[in-house]
Amino acid sequence: MGNSSSKPFVSDPTTFATPKTTSTPHAGDLEPNWKSYDYVIVGGGTAGCVLASRLSENPDVTVLVIEAGARNDDVLFSRIPLAFSRMFRGPYDWQYKTTPQKSLQGRSVYWPRGKLLGGSSSINAMVYHHCAPEDFDDWVRQGALGWGYETMRKYFNKAERYIPHSRHDLDASLHGTSGPWITSHLPCAPISDKILEACDEVGISQIKDFNTSEGTLGASKFVAFVDEKHERSSAATAYLDKEVLKRPNLTVVLSVVTEKVLFSSDADGMPRAVGVQVSTSKSGPSFVVGANKEVILCAGSIASPQLLMISGVGPAGHLSKFDIPIVCDLPAVGQNLMDHFSAGSMAIRAKPGVTWDEYRSNPIRAVLALIQWLIFRTGPMCSLGSQIGMFVRSDDHQLHFNQAGSAALPTIDMTSGKGAPDIELLACPFTVINSGLTRPPRGTSGITAVSYQTTSIYGLMVLIFYLIKGAILLKPCSKGKIELQSSSIWDHPLIDANYLSHQSDVNMMIKATRLLLRIARTKSLSSWLDVKNSTEPTGDFFWPGDADPDTVGIL
Ligand SMILES: Cc1cc2nc3c(=O)[nH]c(=O)nc-3n(C[C@H](O)[C@H](O)[C@H](O)COP(=O)(O)OP(=O)(O)OC[C@H]3O[C@@H](n4cnc5c(N)ncnc54)[C@H](O)[C@@H]3O)c2cc1C
């Protein structure tokens, strides 16, 4: 039966798994000689950490978590709130890319995903906000009984420990007080308050808190996943803390990749997952480890369908192209992929000194800010990148793009109800270029809006403002798919997001872009900005000041 380890982490497969021999079947019964655990969790990311922690509360079961990446607590940039994008395209990122996208003139889009304990919760933007209550209630309407908002809210609160912040007067009684996942507010740049005032001016009302039964429509400062020391609170720090890791019935494996799930057949012919095959490298030996009760796939939205297909569960026609023996013909695996499409970073030039660009573009200021965070846990490094969120509906008649004078842009209502948004705008008080990997030129400042594929909007190639703002489609009509490019887990799958394949998504993104430009032109904000007309030399990554919020579209 169970094989437990007293060490917090394990990376040598011989300690928890059995060498695979040529006679190890692809699909067979759980072999009696295999090392085994009651629960084998594939992926130590957000879902995997929570499940490992909760399942191992029962001392009578053994739990094994297999994570492909490294430990999280050693990674400084994972701990510092403002530094999260420094982990992109590095060893803690799977660095996925979509296939060339037709609607984006053949460009591929970079998709970061966390490859370390805590998964994407260890590299993400640390924003804590619930979906609209209608979104959960819609799940119930579709058959997911018990997943409605009022039920879920109890679990959200159980998971959360909110630390009240003197400068934010939200109703703390609506938040959790004793959960493992710590949330609070972080300091914001002065321009963030101006952005909120600008939202009021364009008809987006300010709300105190996105995380209540009142819903998410409106604009507010985000609550962050952050602890009292102004460090990231991730699924790993929250659910796999030192005390949990000491449990003798929990084994956490790092730097080991699950290559496939192994199946046997029950007496009634139904496939049953009996274990997994793992390895530390593409050319290295493989090992097998059994699951007495369940294999739980938590490898994320890209690797989970990939693993299923490699293991023989997926569309039979597609799997047969790679000679993968079919365990179960499930045509939906890998299909209906929906991404929150974003037109990329839209940068608007700001006046010098009102943003936080200097902490990113000036190495001396950056080092000083880093030292300030390391010693005192204060300063700009302990703030969120996306400080302001704006959630709106594309059919809101208060917003200018639906009023006379603005060209009509028909969109399909894909939302779960009238209280649910379909556009999200984010604002950052600095310039973002190349997902934050390229330093903006010294002496420039801007705000940025998150809007991932801006290149097709307004025909500009790069759009970056010293105020970073962006637009995200929350309910796209376009659907894509994930397919295999080989039968090996060591090759990335083919991710076809099929962005903007539906005119409604195109129109929605134009509306979002127009709204951002309208916000930039408000009285409250425009005096802090430094917009210039398009007579500026080409190649400028800032939006031109003469981009008209009523007519801007796609060339
Ligand atoms: C850049 C970025 C910013 C984001 N910002 C926010 C935000 O601000 N707020 C928010 O709420 N959400 C945000 N998200 C989304 C959120 O982080 C994810 O929805 C969530 O982490 C997904 O959890 P998961 O458990 O499904 O997958 P993940 O957390 O990604 O975990 C999957 C784990 O499986 C491991 N794995 C994969 N394949 C294998 C294999 N073959 N063998 C072993 N291990 C494997 C991975 O290494 C990873 O650790 C962001 C995501 C990203 C990428």
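Predicted, not measured: the structure shown is a model, and the values here were computed from it.

### As for the overall build of the protein
And step 1. The secondary structure content of the protein amounts to 13 helices and 24 strands.
And step 2. Out of the 555 residues belonging to the protein, those deemed buried represent 55%.
And step 3. In the protein, the proportion of contacts linking residues at least 24 apart, taken out of those at least 6 apart, comes to 70%.

### Notes on the side chain of H168
And step 1. With respect to the helices, strands and loops of the structure, H168 is situated in the loop between strand 8 (160–163) and strand 9 (181–184).
And step 2. Beyond its immediate stretch of four places on either side in the chain, H168 contacts H185, L186 and K221.

### Side note on the UniProt feature "domain: Glucose-methanol-choline oxidoreductase N-terminal" (unreviewed entry) in the protein
And step 1. According to UniProt, the positions carrying the feature "domain: Glucose-methanol-choline oxidoreductase N-terminal" (unreviewed entry) are residues 300–314.
And step 2. Taken end to end, residues 300–314 comprises 73% helix and 13% strand; its first and last C-alpha atoms sit 16 Å apart.

### Quick look at the sheet that holds strand 11 (residues 223–225)
And step 1. In space, the four strands of this open sheet follow the order 7-11-9-8, with mixed pairing throughout. Looking at which strands have only one partner, the edges of the open sheet turn out to be strand 7 (127–128) and strand 8.
And step 2. Examined bridge by bridge, strand 8 and strand 9 share four bridges and lie parallel to one another. Its bridge partner lying in strand 9, Y162 is registered against T183.
And step 3. Contacts between helix 4 (residues 149–159) and the sheet are confined to strand 7, strand 8 and strand 9, with strand 8 contributing the most and set at about 65° to the helix.

### As for the UniProt feature "binding site: FAD" (unreviewed entry) in the protein
And step 1. When the UniProt feature table is mapped onto this chain, "binding site: FAD" (unreviewed entry) is found at N124, A125, M126 and V127.
And step 2. Among the structural elements, N124 can be located in the loop between strand 6 (110–111) and strand 7.
And step 3. Those residues within four positions of N124 in sequence are excluded, and the remaining contacts are F84 and R232.
And step 4. Reaching out from N124, the side chain makes a polar contact with the backbone nitrogen of M126 at a distance of 2.9 Å.
And step 5. Along the chain, A125 turns up in the loop between strand 6 and strand 7.
And step 6. According to the relative accessible area criterion, A125 is partly exposed, its value standing at 24%.

### Here's the deal with the site of the ligand
And step 1. Contacts to the ligand come from 32 residues, most closely from T46, A47, E67, S120 and V127.
And step 2. In the model, an oxygen atom of the ligand is placed 2.6 Å from a nitrogen or oxygen of the T46 side chain.
And step 3. V127 is positioned such that a nitrogen or oxygen atom in its backbone is 2.7 Å from a nitrogen atom of the ligand.
And step 4. Those elements giving two or more residues to the shell around the ligand turn out to be helix 1 (46–55), strand 13 (257–265) and helix 8 (300–310).
And step 5. Top contributing element to the shell around the ligand by residue count: helix 8, with three residues.

### Observations regarding helix 4
What sets the pattern is the α-helix's 3.6 residues per turn: residues three or four places apart point alike.
And step 1. Buried residues of helix 4: Y149, M152, F156 and A159, and no others. Around the axis of helix 4, the buried residues are gathered within 75° of arc, so they sit on the same side.
And step 2. Residues of helix 4 that are buried in the fold lie against strand 7, helix 3 (133–141), strand 8, strand 9 and helix 6 (235–239).

### Details of the state of the cysteines
Cysteine pairs can be covalently joined through their sulfur atoms, and such a bond is termed a disulfide.
And step 1. The final tally for this structure, using the stated rule, is zero disulfides.
And step 2. Sulfur of C328: no disulfide; nearest cysteine sulfur belongs to C298 and is 20 Å away.
And step 3. Under the relative-accessibility criterion, C328 is labelled partly exposed at 25%.
And step 4. Looking at C428, it has no disulfide partner, and the nearest cysteine sulfur is the one in C188, 11 Å off.

### Describing helix 5 (residues 190–202)
And step 1. Buried within helix 5 are the following residues: I191, S192, K194, I195, L196, A198, C199 and V202.
And step 2. Directly after helix 5, the chain includes G203, whose backbone phi takes a positive value near 100°.

### Some remarks on the pattern of salt bridges
And step 1. In the structure shown here, the tally under the stated rule is 20 salt bridges.
And step 2. A salt bridge links R71 to D73; its shortest N-O distance comes to 2.8 Å.
And step 3. Ionic pairing is found between D193 and K221, a salt bridge with its closest N-O pair at 2.8 Å. Here the residue D193 occupies a position in helix 5, and K221 occupies one in strand 10 (residues 218–221), the gap between them amounting to 28 residues.
And step 4. With relative accessibility at 36%, the residue D193 sits in the partly exposed group.
And step 5. Owing to a relative accessible area of 16%, K221 belongs among the buried residues under this scheme.
And step 6. Within this structure, R393, D395, D413 and K418 form a network of salt bridges that share partners.

### Comments concerning the packing of aromatic side chains
And step 1. Using the criterion set out here, one finds 14 aromatic pairs in the structure.
And step 2. When the ring of F84 is compared with that of F88, the centres are 5.8 Å apart and the planes differ by 80°; the resulting orientation is edge-to-face.
And step 3. The buried category is assigned to F84, whose relative accessible area is 15%.
And step 4. Look at F88 and you get buried, because its relative accessible area is 13%.
And step 5. For the ring pair Y128 and F225, a centre distance of 5.0 Å and an interplane angle of 70° mean the geometry is edge-to-face. Highlighted residues: Y128 in strand 7 and F225 in strand 11, separated in sequence by 97 residues.
And step 6. Judged by relative accessible area, which is 9%, Y128 ranks as buried.
And step 7. Lying over the aromatic face of W94, K115 brings its terminal NZ or CZ to 4.5 Å of the ring centre.
And step 8. The positively charged end of R377 is found above the aromatic ring belonging to W373, 4.0 Å away from the centroid.

### Points about the pairing of strand 9
And step 1. Going residue by residue along strand 9, you find W181 and T183 tucked away on one face and I182 and S184 tucked away on the opposite face as well.
And step 2. Here two bridges tie strand 9 to strand 11, and the two strands are oriented antiparallel to one another. Bridge pairing links T183 to F225 in strand 11.

### With respect to a nonpolar patch on the surface
And step 1. Taken together, I364, V367, L368, I371, L374, I375 and F376 make up a surface patch of nonpolar side chains, about 710 Å² in accessible area.
And step 2. Of note, F376 is situated in helix 11 (residues 363–376).
And step 3. A relative accessible area of 58% means that F376 is categorised as exposed.

Reading the values: the criteria
Residues numbered from 1 in each chain as written. Predicted model: local features only at pLDDT ≥ 70, side-chain atom pairs only at ≥ 80, totals over all residues. Heavy atoms only, no water. Helix = DSSP H or I, 4+ residues; strand = E, 2+ residues; numbered from the N terminus. Buried < 20%, exposed > 50% of the residue type's maximum accessible area, 1.4 Å probe, protein only. Contact = heavy atoms within 4.5 Å. UniProt positions renumbered as here; feature names shortened; annotations may be inferred. Pairing = 2+ DSSP bridges. Axes fitted to C-alpha atoms, helices over the stretch in contact; angles between N-to-C directions. Polar contact = N/O pair within 3.5 Å; in protein donor to acceptor, adjacent residues only side chain to side chain. Near = heavy atom within 4 Å. Arc of directions from axis to C-beta. Disulfide = S-S within 2.5 Å. Salt bridge = Lys/Arg side-chain N within 4 Å of Asp/Glu carboxyl O. Phe/Tyr/Trp six-rings, centres within 6.5 Å; stacked < 30°, edge-to-face > 60°. Lys NZ or Arg CZ within 6 Å of the ring centre and 35° of its normal. Patch = residues over 30% accessible without salt bridge, like charges linked within 9 Å, V, L, I, M, F, W, Y side chains within 5 Å. Areas by Shrake-Rupley, 256 points an atom, 1.4 Å probe, with all protein chains shown as cover.

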